[in-house]
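Chain and residue survey
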Amino acid sequence: MPSPRPLNVGLVGGGKGAFIVHPHQKAIHFDGTRRVVAGALFPDPKIALEEAANWPYPIKGYGSYDEMIAANATLPADQKLDYILTVTPNFVHFDPAMKALEAGIPVFCEKPLTVTLEEAEKIVQKVREKKIPFGVAHTSLGHWTSRFSRYLVQAGLLGDIRWVDAYYLQGWLATKLEDSRQQQDSWRVDPKKAGGSGCGGDIGTHALMQLRYVTGLEVSQVSANLEIFVKGRPIDDHFTAYCHLSNGARALVRASQISIGHLNDLGIEVCGTKGTLIWRQEEPEAITIKLMGQPDRVYYRGAVSPGDGFIPKDAPADLMAEPTIPPGHPEAFHDAFARLHRCFEADVRKYQAGEPFSCDGSKYANVEDGWMGMAFIKTCIESSNNQGAWTALPAKV
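So, a few notes on the structure that sits alongside this text. Treat the numbers as computed from the prediction; the structure is a model and nothing was measured.

In the structure shown here, the tally under the stated rule is 13 aromatic pairs. With 4.9 Å between their ring centres and 15° between their planes, Trp144 and Phe148 make a pair best called stacked. Linking Trp144 with Phe148, this pair stays in helix 6 (residues 144–154), spanning four residues, or about one helical turn. Pair check on accessibility: Trp144 and Phe148 agree, each one buried. On the numbers, 5.9 Å between centres and 65° between planes, the contact of Tyr242 with Trp390 is edge-to-face. Of this pair, Tyr242 sits in strand 9 (residues 238–245) while Trp390 sits in the loop between helix 12 (367–385) and strand 16 (391–392), placing them 148 residues apart in sequence. For Tyr242, a relative accessible area of 32% puts it in the partly exposed group. Accessibility expressed as a relative area gives 40% for Trp390, which makes it partly exposed. Here the aromatic residues Tyr83, Phe108, Phe344 and Tyr364 are joined through ring pairs into a cluster of three or more. The ring of Tyr62 has Lys60 lying over it, and the distance from NZ or CZ to the ring centre is 5.5 Å.

What follows is the structure, given as structure tokens:
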């Protein structure tokens, strides 16, 4: 059987020194089965075309995403976009997503999904109406150790979950960096562009997603405190939410961008009645298991032996077989992005072939996960504005 044509990907955003587009575009090309072929890279049409002309490899430039999406309808079949990747600031997630979905183009979108819960609900409705793949780029889910952690916790190997500490700590906004008008920070502290929460929306949603993905539990109530430590900043740079979980357990979801010395310190600690699991993004090749009265167990990607006295002999074969390089040759950030795009590609190909696809959140965050992130942020804002009063999350959409 001949190899399939590489999927064509169009970029929305990514010009003028944007950061997140580059790990994405490297990940897209990781396997040779996907390629970036087009882009609407900047709001100003002239700059957008200039950025496309200066892209590291040839792509078709468009002055706007409206133009790119409209042009797709008349392209030959082998030149049509198979999905778009949105890597814009938060306030430019909703419109291109809705227009691409209406045109029948799958979407992979940076988080958070939107800037309001109302917009998120509209995207969920459109995805369900069109029955089309939609992914949200929560990078940490692409680490093999995150998937392994999910298996261990949801298989009950830690017992009943009692407590979860999910966190994302940074220090890069410990000063008023936005006054220097750098592209990466200025929009993140502007509520019109970032949404109602700065730190919570930007990185707190990652901590929440890690909690939900690994444990399979949902947050039912929060008592939240959104704080501003840098004077003159209009939205939070420090975020704390104490949570009730759907099984009766408790959790802390916390994020900070003013914690000097922390880089991208995303992690989770899951405590059950039989043991504790510890995972950190900055050390993504290993997880630590702590059992009562036993030495710590450290499991490395590619070096897990089912039937070792803790890992069952019948551990999922597909999970155990997934690592493609030996342990000690590190996978990291770009590999995690590539795993997300690889799994999204599989659903896009099924969609195009008219075959069933799951898009169930087990391989990458889906549109409902994006909605939940927005519901969580909205509820935390309400709680914080009411002196941390316990506040229930809305019913799942």
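This next bit is on the pairing of strand 11 (residues 265–272). Most of strand 11 sits out of view: seven of its eight residues are buried. The sheet contact formed by strand 7 (residues 161–169) and strand 11 spans eight bridges and is antiparallel. Within strand 11, the position partnered with Tyr167 by the bridge is Gly267. Relative to strand 12 (residues 275–280), strand 11 is paired through five bridges, and the arrangement is antiparallel. Looking at the pairing, Gly267 lines up with Arg280 of strand 12. Hairpin connection of strand 11 to strand 12: two residues between the antiparallel strands.

So, about empty space enclosed by the protein. With the rule as written, the count across this model stands at two cavities of 30 Å³ or more. Quantified by volume, the largest cavity comes out at close to 70 Å³. In terms of lining residues, the largest cavity is bounded by 13 residues, among which His138, Thr205, Asp369, Gly370 and Gly373 are the most central. The residue makeup of the lining of the largest cavity, split by class, is six nonpolar, four polar and three charged.

Rules of the game
- Residues numbered from 1 in each chain as written.
- Predicted model: local features only at pLDDT ≥ 70, side-chain atom pairs only at ≥ 80, totals over all residues.
- Heavy atoms only, no water.
- Phe/Tyr/Trp six-rings, centres within 6.5 Å; stacked < 30°, edge-to-face > 60°.
- Helix = DSSP H or I, 4+ residues; strand = E, 2+ residues; numbered from the N terminus.
- Buried < 20%, exposed > 50% of the residue type's maximum accessible area, 1.4 Å probe, protein only.
- Lys NZ or Arg CZ within 6 Å of the ring centre and 35° of its normal.
- Pairing = 2+ DSSP bridges.
- 1 Å grid on protein atoms, 1.4 Å probe; cavity = no way out; pocket = protein on both sides within 12 Å on 5 of 7 lines; lining within 4 Å.
- Points joined across faces, edges and corners; volume = space filled by probe spheres on them.
- Nonpolar A, V, L, I, M, F, W, Y, C, P; charged D, E, K, R; others polar.

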